[in-house]
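# Architecture at a glance
Here's the letter readout for the chains.
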Amino acid sequence: MLYTRPQLVLLLAVLTAAGAGLAVGHWRAHHPELVERLEQLDRTPAVAAGQPGGAIASPSAASGRESAAPIRERPRAPSSTERRGRPAKLTAPPVEAPSPGPLDLNEAGVDDLARLPGVGSGLAQRIVAARDEGGRFASVDDLRRVRGLGRVRRERLRPLITVGE
Amino acid sequence: MTLSWPRVPLAPLAVAFAVGVAASGWVRVSVAAVVVAVTLVWGASLLVLGRLAPATGCLLAGLAAVGAIRASPWPLASDHIGRFDVPAVVQVTGRLAAEPVVFAAERTRVLLNVERVGDEPRTGRLPVTLYGVAPPLTEGQRVAGEMRLHAATGFRNPGGFDYGEFLRREGMPVVASARVDRLIALDDPGPRWNVRVRRAAREAIARTLPPTSAALLSGLLLGDRADLPPEVDDGFRRAGVYHVLAVSGFNVALIAGAVFSVLTLARCGRRVAAVAAIAAVLGFAFVVGPEPSVLRAVVMGVLVLGAVLLERDASVLNGLALAALLILAVRPNDLADPGFQLSFAATAGIVLAPLPRGLVWGSLGVSIAAQLAVLPIALWHFNQLSTIGPIANLGVVPLAGLATILGLLAVTVAFFTDAGGAVFLDALWPLLLAMRALVTLAARVPGALVHLPAPHWTAITAYGLGLVLALGWWRWRETRPEWSRWAGALALGHLVVAVTIGAWPLVRPPDGRLRLTVLDVGQGDAIVIQAPDGRTVVVDAGPGGGMRLDTGARVLAPFLWNHGVLQLAGLVTTHDDQDHAGGSAALRREFTIGDQLAGPERIWMGGVSVLPLTATDKPAGSRRNDDALVFRVDYGAVSFLLTSDIGAEAESRLLAAHAPLAVTVLKVAHHGARTSSTPPFLEKVKPALAVISVGRRNPYGHPSPDTLARLAATGARIYRTDRDGAVIFETDGFALTVTRWATREVEHFCLDPDGGC
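Conventions and cut-offs
Residues numbered from 1 in each chain as written. Chains lettered and ligands numbered in written order. Predicted model: local features only at pLDDT ≥ 70, side-chain atom pairs only at ≥ 80, totals over all residues. Helix = DSSP H or I, 4+ residues; strand = E, 2+ residues; numbered from the N terminus. Buried ≥ 20, exposed ≤ 12 C-beta atoms within 10 Å, placed from the backbone. Contact = placed C-beta atoms within 7 Å. Expected span 1.5 Å × (residues − 1). Core = buried A, V, L, I, M, F, W, Y, C linked by C-beta atoms within 7 Å. Domains from an automatic or database assignment. Pairing = 2+ DSSP bridges. Axes fitted to C-alpha atoms, helices over the stretch in contact; angles between N-to-C directions. pLDDT = per-residue confidence, 0-100. Parallel < 35°, antiparallel > 145°, perpendicular 65-115°, else oblique. Nonpolar A, V, L, I, M, F, W, Y, C, P; charged D, E, K, R; others polar. Left-handed = near helix turned anticlockwise from the far one by under 90°. Bend = angle between axes of the 7 residues up to and from the residue.

### A few points about the overall build of chain A
Of the regular secondary structure elements, chain A holds six helices and three strands. In sequence order, the secondary structure elements of chain A are arranged as α-α-α-β-β-α-α-α-β. Burial status across chain A gives 22% buried among its 165 residues. Across chain A, the fraction of contacts at a sequence separation of at least 24, relative to all contacts at a separation of at least 6, is 43%.

Written out as structure tokens, the structure reads:
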């Protein structure tokens, strides 16, 4: 035999590639508009891709990372040792927007109460339930009859709430 | 032992060295040096006593310490450019250390080996950004020009990549910018042979194939993705097959295999074929450049071919370990490079995993093994988990392999005859189309690519141990069933722990605190509001768009993912300038976004009120600075005013409308421009704290000294993203903490009138 089997396989492969190449080349030359359409198969018009003015996007922005290899710093929450020093005292500006004046405990609904910082919908419901059951609140301190509203939280809420007649 | 590690003598060495390199950030050089000395003495003594096992341990510890010393940054030489007093405008002479990279229209990045600055000789490397259309420059060319030197800077955000920090670690603390018309070439050596080969290959491909297909083939063959359209690039990422666009062991194996088998078939003899294949592999590496993945593949390829030459068995794992040792010894910083990590993890996964027989199952096994191994790395660096990847690879990898072989053949033929090359390029064009169709299809599958928070290092450690134990379970299941059961149970436990820790940021219950972060996005605005009930809205998404770095994709998206935010309750763009609106397209692509803040009404989120203070009838697309939306955020006693880019005109309108302006924290308008923050406005706002979102070295001179003086006159404490990085405000409604991310400085304030914080 002139050639071994593997040699013939290689010859076959090269001939297939060359033959396919010639055929495709001819086809491409005769159907330029079809080639153009096939080439668009994974392209989307720049506008639809949602890139304002972005037909020419920078390659570095597109490739997802810098050409230089990025090493990232990990997110790190400030540790407790970094929290040093006593808190500085700031005077709060008037709380203007959220509510015109402090919230009236005897009028507020569950939704209003739940907007107070540190008061979730559960606690708000308990406040309203306590008001329905035990009557109107006589003072802010009267909130102590609501379960889960200890002294600390009452003091924090004090500037934001009031008790109507 | 039934495990194969005793036959991989280099693996423990590589692991010890890598551990040392990884620990270099925490270990002082003096400590490491003492460890080296002690372990050497102990190792020698134990050797003399004939105690081999403890001696091994000692010497491995010593090697780790050597790794730590190697990876510690060396002090810069006294004449290093990094010691120059910056900022400065100086005449710099140097040689190009690499080929220039055109990264945007009229923006070119070159790396200079500095020779002199002014009249003094200087050393060191200097990254230079050139503005304007750069002349054809090439590696090794000497150039001189007037350059503006400044400190390397990046964005400093929680969970974000800091390019400045990266450059400093690489020994380039100073960078430069220059206009191309100020730059002159002092000589013209012409490109080196490897650059000429690369250019000729690209040109041959581009002559025959249509642009997109040509760009794809350049990526497959040369790892050159510069001309690939962004949406095609994105498709490959979503389909989980991005690795085929990087030059890797795959290309090297194909080249070595093709050259070796063709020459063997041509009866040249195995030794000649092996030598030729080694030459081809080395030549290829020179042409495509020294990426870590290429170096790894070349070392391993040369080792395997060398084993053929010497007629010995090659251990693939040993080759992998040798490659790791060599690369880390020369470039220890590569350990943190995603390319290095992905390449070694994927290879180790494929080599170690038990693979099923058969073409289809075997390929699926390879694909899954590689995915499992790179999973924590892809999550850590890119927040990405590909679900379609193992399947998409089954179709894409064979196509990519065929296209690579044909492409190499075509390019080689094209060096001699263009027409011949064109025939083979035409033959592979249908393959490229099929691959693109497959990738497009896979990328469209819902949930093909999932974005998740970067896992904590404990989760990664648990995951790695889990995989190793799972391997033990499989290997021992016949020889040592008892061990196997234990390993299996432990593996399961470790994986459960890893998943639990990894998923924690997603399932963590809201802590009842409002977190408002003014991110460092350079010259622009990006503010993330995380409400106490866990909902998140974004007010402006930073600069973006075609011509610049997209901070929506690079800064905001990773920040949100790493905080467990996978969907937004709202995204609002205050006006249409690119430094506020540019990044929003990327966020719209990556997140589902609710309709909060879309209208002019106040919204409530877990006790936080966000109140729009301005109404505009201008349609989106035509809102200028004075039409910008202004928001007031209230939580308990703490309040914020976000003033976007409004100027004096809009300020007086707000004052005339008696809008509620008095707040605790003011986001200063228009990056601190002189024409905003007028005295009557500041008088009304009376901020205790003021934060300015502004880029370093911005060409507008923001923030203006006048504005800073006016702010100081109101008594406001000033935070600036150009100096402080991201500024993070956290409050429970009374106590307010402010964190300057760049320095991790934390300040506490109390707004409870009774001091109850």
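Next comes the rest of the description.
### As for helix H1 (residues 10-23) of chain B
Residue and element names in this part refer to chain B. For H1, spanning 14 residues, the distance from its first C-alpha to its last is 20 Å, which sits close to the expected 20 Å at 1.5 Å a residue. Buried residues of H1: Ala11, Ala14, Ala16, Phe17, Ala18, Gly20 and Val21, and no others. Of the surrounding elements, those touching the buried residues of H1 are helix H3 (52-71) and helix H11 (316-330).

### Here's the deal with the nonpolar core
Soluble, globular proteins show a tendency: their nonpolar side chains are buried together. All names here are of chain B. Counting 113 residues, the largest nonpolar core has Ala277, Val281, Ala324, Ala403 and Leu428 as the members making the most contacts within it. The element best represented in this core is helix H15 (residues 418-444), accounting for 14 residues. Both of domain 1 (5-71) and domain 3 (194-451) provide at least three residues apiece to this core. Residues Ala526, Leu560, Trp561 and Val727 belong to the second largest nonpolar core, which totals 82 residues.

### Brief notes about the sheet that holds strand E20 (residues 638-642) of chain B
Residues and elements named next belong to chain B. Taken in spatial order, the seven strands make up an open sheet running E17-E18-E19-E20-E21-E22-E23, and their pairing is mixed. With partners counted over all chains shown, the strands left at the sheet margins are strand E17 (603-605) and strand E23 (717-720), one partner each. In this sheet, adjacent strand axes meet at a mean angle of 20 degrees when their direction is disregarded. Relative to E23, strand E22 (residues 689-692) runs parallel, the two sharing four bridges. Of the residues in E23, the one forming a bridge with Leu689 is Arg717.

### What to know about the domain arrangement of chain B
For an interface, size is often stated in terms of accessible area lost upon the parts coming together. By the assigned domains, chain B splits into domain 1 (5-71), domain 2 (81-191), domain 3 (194-451), domain 4 (457-507) and domain 5 (514-750). Here the C-alpha centre of domain 5 of chain B lies 51 Å away from the C-alpha centre of domain 1 of chain B.

### Some remarks on unusual backbone geometry
All names here are of chain B. The linkage connecting Val86 with the following residue, Pro87, adopts the cis geometry, with an omega of 0 degrees. With respect to the helices and strands, the residue Pro87 is situated in the loop between H3 and strand E1 (88-96). Of note, the amide linkage connecting His702 to Pro703 takes the cis form, showing an omega dihedral of -10 degrees. With respect to the helices, strands and loops of the structure, Pro703 is situated in the loop between E22 and helix H23 (705-713).

### Section: the domain arrangement of chain A
Looking at the assigned domains, one finds that chain A contains domain 1 (1-40) and domain 2 (103-162). Computed over C-alpha atoms, the centres of domain 1 of chain A and domain 2 of chain A are 80 Å apart.

### Looking at the confidence of the model for chain B
All names here are of chain B. Across chain B, the average pLDDT comes to 91, with 98% of residues at 70 or higher. When the criterion is pLDDT under 50, residues 1-5 qualifies, and its contacts beyond four places in sequence or with other chains add up to six contacts. Interface scoring of the predicted complex returns ipTM 0.71; its pTM is 0.85.

### With respect to the packing of helix H6 (residues 211-222) of chain B against H15 of chain B
All names here are of chain B. Taken N-terminus to C-terminus, the directions of H6 and H15 make an angle of 90 degrees; their axes are 10 Å apart at the nearest point. Here H6 is positioned roughly perpendicular relative to H15, judged by the angle of their axes. Facing H6, whose interface residues are Ser213, Leu216 and Leu217, H15 presents Trp429, Leu432 and Arg436. Within the contact of H6 with H15, the residues separate by chemical class into four nonpolar, one polar and one charged.

### Structural notes on the packing of helix H8 (residues 249-265) of chain B against helix H10 (residues 292-310) of chain B
Residue and element names in this part refer to chain B. Look at H8 against H10: their axes get within 8 Å of each other, and the N-to-C directions meet at 30 degrees. In the packing of H8 onto H10, the handedness of the crossing is right-handed. Contacts between H8 and H10 pair Gly249, Val252, Ala253 and Ala256 from the former with Ser293, Arg296, Ala297, Val298, Met300, Gly301 and Leu305 from the latter. Along the lines of polarity and charge, the residues of the contact of H8 with H10 split into seven nonpolar, three polar and one charged.

### Quick word on the pairing of strand E12 (residues 526-530) of chain B
Residues and elements named next belong to chain B. Most of E12 is tucked away: five of the five residues are buried. Of the two faces of E12, the one lined by Ala526, Val528 and Gln530 and the one lined by Ile527 and Ile529 are each fully buried. As judged from the four bridges shared by strand E11 (residues 514-518) and E12, these two strands associate in the antiparallel manner. Across the sheet, residue Val518 finds its bridge partner in E12, namely Ile527. Pairing of E12 with strand E13 (residues 536-541), which is carried by five bridges, proceeds in the antiparallel orientation.

### A few points about H15 of chain B
Over its 27 residues, H15 of chain B extends 38 Å from the first C-alpha to the last, a length consistent with the 39 Å expected when each residue adds 1.5 Å. Its maximal kink placed at Leu428 of chain B, H15 of chain B deviates by approximately 30 degrees, while the proline Pro430 of chain B follows within four residues.

### Some details on the environment of Leu682 of chain B
Residue and element names in this part refer to chain B. Along the chain, the position of Leu682 falls in helix H22 (residues 679-685). Assessed through the 22 C-beta atoms surrounding it within 10 Å, Leu682 is described here as buried. Distance in space between the C-alpha atoms of Leu682 and Glu651 is 9.5 Å, their sequence separation being 31 residues. Residues within four places of Leu682 in sequence aside, it is in contact with Ser677, Arg710, Leu711 and Thr714.

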